[in-house]
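# Structural characterization, general
Here is what each chain is made of, one letter per residue.
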Amino acid sequence: MQRLDRQAIALISNHADPAADIGGEEAGGQNVYVRQVGEHLAELGWQVDMFTRRINATDPTIVEHTPHCRTIRLKAGPEEFIPRDEQFAHMPEFVQSFQEFQSKQGMAYPLIHTNYWLSAWIGLQLQKNGGTQLVHTYHSLGAVKYQSIPELPDIASTRLAVEKEILENADCIIATSPQEKESLRNLVSPLGQVEIIPCGTDISNFRPMSRTEARAHLGLSPQDRVVLYVGRFDPRKGIETFVRAGALLHQKGIPNLKLIIAGGSSPDKADGQERLRIEALVKELGLEEVTTFAGRVDHDSLPYYYAATDVSVVPSHYEPFGLVAIEAMACGAPVVASDVGGLQFTVVPEETGLLVPPQDHEAFAEAIERIICNEAWAQQLRKQATINVNQRFSWSGVAIQLTELYRHVLAKSLMHEQPWNFRSTPIRHQSYPSKILSKNLCQS
Ligand code: UDP
């Protein structure tokens, strides 16, 4: 039922269910983003309805997360998991289900915030009916993604066209980093309104804790040198690079090396193939003794992993933002990440971690070794990593910036032809002390 005392807004995330378990089959950063943004916007006074495609007939149609924030699952194609690249044909039914839901409620959302290009298409159809303002977050950009894969999927040309159309026609696009804005301008279109509002992390959950306590909790010893990957099993996340870097460190005789891979669902799911491939690689490289597959870990338990680790590795081939990097840093884990996309925005090289070329396992091994073998420097990195995230990437700060943006978009719709003069809260960039030089001081 619509709450009349609050302004209702719709977040649409058709392939990423905000109420889903995170870390498994195609459930990752976007699910987290939509859910966190939704809940934090509700705290700021909005009525937030988050719409997603129904993938399981036994799932509840409506999930109430808080009194003013709920997930609503709409019928759009068969009620089963469908890979996102195969969902486009069902989007007209999503639009229809959305409109029926609005009619039943006797209202229309004045503002719709869409997520990912499939939802962008939905938003564009709803915008054509008039009366709604459209805000969009890409989460992933076809024009960037397709540069790093050998074979384009059949849907590529449709996706690229929709990504251009939404940029040129939405009331505002939210880029989550300056790098994403640059890609939009260079690769998609010079037209359209773009504002930068980053992703965030829950800093009350992701925060430093005693390393000794975290290791004891996970059954790790104080002497272990722990290198962690957290994320989905998807070739573009670069787990192969992580494993190959681990193999180099193992060959070098780094003592007490422990590789932990957290994430993934089960072998029968869509991400199972990549998991089997990685498991086979671990075996082939003789790393079984030093590698743990932790499976999917929930957000309540992940802080133990991040706090216990010496280095958290984000080896993505490309990464629009990369929530794992800020979660790890929030917990005080130095990050070694690919020098791509949003990771260039979140990781401060030499201050909170290191950036290296994607898919270069030798460079990853070298960077990991620099950190795990220099405890004094690692301690500085840990402190600075937490400060970096607390100052720049809290969800409450993100929700405040989105609220200002929505208000501006809604006000502008009432005052035709007003110039665009929204200024989001400036993102604070911390100034760090001069670079800390590290030496490779590995001691057995
Ligand atoms: N995640 C999780 N448990 C796991 C693996 C991943 O909760 O076992 C979460 C992780 O904490 C993060 C999200 O999945 O919040 C991944 O987001 P990111 O932006 O790093 O990558 P994406 O999945 O969007 O490519």
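The structure this text deals with has already been given above.
Remember, predicted model here, so these are calculated numbers, not experimental data.

Quick notes on the rules
- Residues numbered from 1 in each chain as written.
- Predicted model: local features only at pLDDT ≥ 70, side-chain atom pairs only at ≥ 80, totals over all residues.
- Heavy atoms only, no water.
- Helix = DSSP H or I, 4+ residues; strand = E, 2+ residues; numbered from the N terminus.
- Rg over C-alpha atoms; globule rule 2.2 N^0.38 Å.
- Buried < 20%, exposed > 50% of the residue type's maximum accessible area, 1.4 Å probe, protein only.
- Contact = heavy atoms within 4.5 Å.
- Areas by Shrake-Rupley, 256 points an atom, 1.4 Å probe, with all protein chains shown as cover.
- Lys, Arg positive; Asp, Glu negative; His and termini not counted.
- Charge placed at Lys NZ, Arg CZ, Asp CG, Glu CD.
- Pairing = 2+ DSSP bridges.
- Salt bridge = Lys/Arg side-chain N within 4 Å of Asp/Glu carboxyl O.
- Axes fitted to C-alpha atoms, helices over the stretch in contact; angles between N-to-C directions.
- Parallel < 35°, antiparallel > 145°, perpendicular 65-115°, else oblique.
- Nonpolar A, V, L, I, M, F, W, Y, C, P; charged D, E, K, R; others polar.
- Phe/Tyr/Trp six-rings, centres within 6.5 Å; stacked < 30°, edge-to-face > 60°.
- Lys NZ or Arg CZ within 6 Å of the ring centre and 35° of its normal.
- Core = buried A, V, L, I, M, F, W, Y, C linked by side-chain atoms within 4.5 Å.
- Near = heavy atom within 4 Å.
- Polar contact = N/O pair within 3.5 Å; in protein donor to acceptor, adjacent residues only side chain to side chain.

## Some remarks on the overall build of the protein
Summing up its helical and strand segments, the protein has 15 helices and 14 strands in all. Taking 22 Å as the expected radius of gyration for a compact globule of 444 residues, we find that the protein reaches 22 Å, a close match to that expectation. The principal-axis extents of the C-alpha atoms in the protein amount to approximately 70 × 50 × 40 Å. Residue burial in the protein is summarised as follows: out of 444 residues, 57% are buried. Relative to all contacts within the protein whose residues are 6 or more apart in sequence, the contacts with residues 24 or more apart total 67%. If you sum the accessible surface of the protein, you get close to 18400 Å²; carbon and sulfur atoms cover 49% of it. Positive and negative side-chain charges in the protein, numbering 41 and 52 respectively, have mean positions lying 4 Å apart.

## A short note on the pairing of strand β3 (residues 62-66)
Looking down a regular strand, the side chains alternate between one sheet face and the other. Direction of pairing for β3 relative to strand β4 (residues 69-74): antiparallel, over a ladder of four bridges. Bridging from a neighbouring strand, E64 pairs with R70 of β4. The hairpin formed by β3 and β4 contains two residues between the paired strands.

## Structural notes on the pattern of salt bridges
With the rule as written, the count across this model stands at 22 salt bridges. E279 is the partner of R275 in a salt bridge, and the nearest nitrogen-oxygen pair spans 2.8 Å. Of the two residues, R275 and E279 are both situated in helix α9 (residues 272-284); the distance of four residues between them amounts to about one turn of the helix. Its relative accessible area of 28% is what places E279 among the partly exposed residues.

## Topic: the packing of helix α8 (residues 239-251) against α9
Packed helices, taken two at a time, are described by their axes: the angle between them and the distance between them. Interaxial distance between α8 and α9 falls to 10 Å at its minimum, and their mutual angle equals 10°. Between α8 and α9, the crossing angle belongs to the class labelled roughly parallel. Contacts between α8 and α9 involve I239, E240, V243 and R244 from the first element and R277, I278, L281 and V282 from the second. Each residue belonging to the contact of α8 with α9 can be placed in one class, and the counts come to five nonpolar, no polar and three charged.

## A closer look at the packing of aromatic side chains
Tallied over the full model, the rule gives twelve aromatic pairs. Relative to F98, the ring of F51 has its centre 4.7 Å away and its plane inclined at 70°; by these criteria the two rings are edge-to-face. Of this pair, F51 sits in strand β2 (residues 46-53) while F98 is found in helix α2 (residues 91-105), placing the two residues 47 residues apart along the sequence. For the residue pair F51 and F98, the accessibility class agrees, reading buried in each case. With a centroid separation of 5.7 Å and 40° between ring planes, the pair formed by F98 and Y109 is classed as tilted. Of this pair, F98 sits in helix α2 while Y109 sits in the loop between α2 and β5 (111-115); the two residues are eleven residues apart in sequence, bridging distant segments of the chain. As far as burial versus exposure is concerned, F98 and Y109 are alike and both buried. Taken together, the ring pairs in this structure connect F51, F98, F101 and Y109 into an aromatic cluster. Between the NZ or CZ atom of R392 and the centre of the ring of F345, over which it lies, the distance is 4.9 Å.

## Remarks on the nonpolar core
Side chains of a nonpolar character, in soluble globular proteins, are inclined to be buried together. In this structure, L41, V48, Y306, L402, L405 and Y406 are the most contacted members of the largest nonpolar core, which totals 64 residues. No other element matches the eight residues that helix α15 (residues 395-414) contributes to this core. For Y406, the residues in contact, after removing those within four places along its chain, are I9, L11, L41, W46, L111, H113 and V135.

## Description of the site of the ligand
In the vicinity of the ligand, 20 residues are found, and the nearest of them are G29, R232, K237, V297 and E327. Separating an oxygen atom of the ligand from a backbone N or O atom of G29 is a distance of 2.8 Å. A distance of 2.5 Å separates an oxygen atom of the ligand from a polar atom in the side chain of E327. Coverage of the ligand by the protein chains reaches 94% of its 540 Å² of free accessible surface. Looking at the shell around the ligand, the elements that each hand over two or more residues are α1 (29-43) and α11 (323-330).

## Overview of the sheet that holds β4
Read from one edge to the other, the open sheet built from eight strands follows the order β3-β4-β2-β1-β5-β6-β7-β8, with strand pairing classed as mixed. Every interior strand has two partners, whereas the edge strands, β3 and β8 (194-196), have only one. Put simply, the sheet's adjacent strands are angled 25° from each other on average, direction ignored. Note: strand β6 (residues 133-137) against strand β7 (residues 172-175), three bridges, orientation parallel. Directly across from T137, in β7, lies its bridge partner I174.

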